[in-house]
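Here is what each chain is made of, one letter per residue.
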Amino acid sequence: MAGFQGKSILVLGGSRGIGAAIVRRFAAEGAGVTFTYAGSEEAAERLAAETETRAVRTDSADRDAVIARVRDSGALNVLVVNAGVAIFGDPLEQDPNAVDRLIRINVHAPYHASVEAARRMPEGGRIIVIGSVNGDCVPFPGLSAYSMSKSALQGMARGLARDFAPRGITVNVVQPGPIDTDMNPVDGPLKDIVYPHMAIQRHGRAEDVAGMVAWLAGPEASFVTGAMHTIDGGFGA
Ligand code: NDP
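These figures come from a predicted structure and were not determined experimentally.

> Explain the overall build of the protein chain here, please?
Within the protein chain, the regular secondary structure consists of seven helices and seven strands. Each helix and strand of the protein chain, ordered N terminal to C terminal, gives the series β-α-β-α-β-α-β-α-β-α-β-α-α-β. A compact globule built from 237 residues would reach a C-alpha radius of gyration of about 18 Å, and the protein chain, at 17 Å, matches this within 12%. Looking at the protein chain as a whole, 51% of its 237 residues are labelled buried. Put simply, 70% of the contacts in the protein chain that link residues at least 6 apart link residues at least 24 apart.

> What exactly am I supposed to notice about unusual backbone geometry here?
Negative phi values dominate among residues other than glycine, just as trans dominates among peptide bonds. For Glu 52, which is not glycine, the phi torsion reads 55 degrees and is therefore positive. According to the relative accessible area criterion, Glu 52 is exposed, its value standing at 74%.

> Is there a simple way to explain helix H5 (residues 144-164) in this structure?
In an α-helix there are 3.6 residues to a turn, and that puts residues three or four apart on one side. Taking 1.5 Å per residue as the helical rise, H5 with its 21 residues ought to reach 30 Å, and the 30 Å between its terminal C-alpha atoms agrees with that figure. Within the sequence span of H5, burial applies to Ala 145, Tyr 146, Ser 147, Ser 149, Lys 150, Leu 153, Gln 154, Met 156, Ala 157, Leu 160, Ala 161 and Phe 164. Contacts made by the buried residues of H5 are with helix H4 (96-120), strand S5 (126-130), strand S6 (170-176) and strand S7 (227-231).

> Help me out: how do you make sense of the UniProt feature "domain: Ketoreductase" (unreviewed entry) in the protein chain in this one?
UniProt records the feature "domain: Ketoreductase" (unreviewed entry) at residues 7-182, using the numbering of this structure. With 45% helix and 18% strand, residues 7-182 has end C-alpha atoms that lie 29 Å from one another.

> Can you walk me through the nonpolar core in this structure?
Note that soluble globular proteins tend to have their nonpolar side chains buried in a common cluster. Ranked by size, the top nonpolar core spans 32 residues in total, and within it Ile 9, Val 11, Ile 22, Phe 26, Phe 35 and Val 213 carry the most contacts. For this core, the element with the highest residue contribution is helix H7 (residues 206-217), accounting for seven residues. Those residues in contact with Phe 35 that lie beyond four places of it in its chain are Val 11, Gly 14, Ser 15, Val 23, Ala 44, Leu 47, Ala 48, Thr 53, Arg 54, Ala 55 and Val 56. Ranked by size, the runner-up nonpolar core spans 23 residues in total, among them Met 156, Ala 161, Ile 169 and Val 171.

> Any chance you could explain the pattern of salt bridges here in plain terms?
One side chain can pair with another of opposite charge once the charged atoms of both are near each other. Within this structure, the stated rule accounts for 11 salt bridges. In this structure, Arg 205 and Glu 207 form a salt bridge, with 4.0 Å as the shortest nitrogen-oxygen distance. Using a relative accessible area of 45% as the deciding quantity, one classes Glu 207 as partly exposed. Salt bridges linked by common partners bring Glu 116, Arg 119 and Arg 120 together as one network.

> Honestly, the side chain of Thr 58 in this entry has me stumped. Any pointers?
Along the chain, the position of Thr 58 falls in the loop between strand S3 (54-57) and helix H3 (63-72). The exposure class of Thr 58 is buried, given its relative accessible area of 7%. For Thr 58, the side chain forms a polar contact with the side chain of Arg 69, separated by 2.9 Å. For Thr 58, the residues in contact, after removing those within four places along its chain, are Thr 36, Tyr 37, Ala 65, Val 66 and Arg 69.

> Hey, could you run me through the pairing of S6 in this one?
A regular strand places its side chains on the two faces of the sheet in alternate fashion. Of all seven residues that make up S6, seven are buried, and the element is covered over most of its length. Here S6 shows a buried face lined by Thr 170, Asn 172, Val 174 and Pro 176 and a second buried face lined by Val 171, Val 173 and Gln 175. The pairing of S5 with S6 spans five bridges and is classified as parallel. Directly across from Ile 130, in S6, lies its bridge partner Val 174.

> What's the story with the sheet that holds S5 in this structure? I'm lost.
The pairing of strands in a sheet happens through backbone hydrogen bonds and is either parallel or antiparallel. Spatial strand order, S3-S2-S1-S4-S5-S6-S7: seven strands in an open sheet with parallel pairing. Strands with a single pairing partner mark the edges of an open sheet, and in this sheet they are S3 and S7. Neighbouring strand axes in the sheet, compared pairwise and without regard to direction, differ in orientation by 20 degrees on average. Two elements, strand S1 (residues 8-12) and strand S2 (residues 32-37), share four bridges in a ladder whose sense is parallel. Residue pairing in the sheet places Leu 10 in a bridge with Thr 34 of S2.

> How do you make sense of the packing of aromatic side chains when you look at a structure like this?
Aromatic ring pairs: the centre-centre distance and the angle between the two ring planes describe each pair. Under the defined criterion, the tally for this structure stands at three aromatic pairs. With a centroid separation of 4.9 Å and an interplanar angle of 90 degrees, the aromatic rings of Phe 4 and Phe 26 are classed as edge-to-face. With a gap of 22 residues between them, Phe 4 in the segment before S1 and Phe 26 in helix H1 (residues 17-28) connect regions that are remote in the sequence.

Cut-off values and rules
Residues numbered from 1 in each chain as written. Predicted model: local features only at pLDDT ≥ 70, side-chain atom pairs only at ≥ 80, totals over all residues. Heavy atoms only, no water. Helix = DSSP H or I, 4+ residues; strand = E, 2+ residues; numbered from the N terminus. Rg over C-alpha atoms; globule rule 2.2 N^0.38 Å. Buried < 20%, exposed > 50% of the residue type's maximum accessible area, 1.4 Å probe, protein only. Contact = heavy atoms within 4.5 Å. Expected span 1.5 Å × (residues − 1). UniProt positions renumbered as here; feature names shortened; annotations may be inferred. Core = buried A, V, L, I, M, F, W, Y, C linked by side-chain atoms within 4.5 Å. Salt bridge = Lys/Arg side-chain N within 4 Å of Asp/Glu carboxyl O. Polar contact = N/O pair within 3.5 Å; in protein donor to acceptor, adjacent residues only side chain to side chain. Pairing = 2+ DSSP bridges. Axes fitted to C-alpha atoms, helices over the stretch in contact; angles between N-to-C directions. Phe/Tyr/Trp six-rings, centres within 6.5 Å; stacked < 30°, edge-to-face > 60°.

Rendered as structure tokens:
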């Protein structure tokens with residue numbers, strides 16, 4: 001596989017889970033990949049060594065740091081914004097600072113990173129943001145802040161798709177359902193809550209999501225923009 005030979009790709013949030021699978025996929029296909037992380041230095045360095053990619057610490061909660069990281073990455077062919085956090089629970093009990101931090105990471109960072117990337121992206125550039133099926137539906141309580149942030153990405157992608165189409169750049173959202181990662185482990189507490197809502201009652205794999213991201217970044221997806229691409233085992237069906 002060498003489908004991305006010579007391509008420059010930045011993955012925001014690539015040290016673990018879905019992001020790490022995306023890094024592995026693009027690296028295996030010959031791309032020059034840089035990825036960010038916030039706390040997991042050891043995991044990031046291990047992945048960078050394994051995949052011959054570059055790991056850099058950049059906290060997505062810090063808008064100016066995100067913009068600087070994208071700017072310093074030069075002319076990107078593909079930007080993937082994967083970094084995201086979730087908080088669950090009763091909104092009446094939630095720390096407002098935690099909610100605002102979630103919005104900075106899940107909404108502000110994708111927006112500012114996308115705009116900054118578009119300044120230098122060549123024709124054919126791809127911006128891919130990892131949303132969630134919870135951007136479409138919220139079938140049980142406790143997800144308001146998270147769902148709000150993922151729905152915001154939908155409006156962002158629709159708008160930026162139109163803004164950037166004249167520059168030959170597409171903007172898309174990939175919306176996973178339950179995927180086995182540290183955020184949502186297969187043996188974790190969410191299983192009993194989410195499986196009854198799914199057509200295919202199991203967790204998906206991070207590699208499945210990476211496959212969809214790779215397709216959106218590739219030549220077959222040149223006519224696809226401003227769209228949500230759900231991969232959720234029928235959670236939202
Ligand atoms: P994980 O918690 O397993 O991994 C999150 C990744 O994002 C890590 O690499 C982490 O870096 C990085 N990250 C988190 N916060 C920051 C930050 N402030 N700055 C930079 N990087 C950060 O999550 P998943 O892999 O499960 O999720 C990835 C994306 O997919 C998220 O946007 C999530 O909302 C979405 N998603 C996940 C689903 C699931 O079921 N797993 C379902 C639907 C959507 P570090 O290691 O340094 O913390």
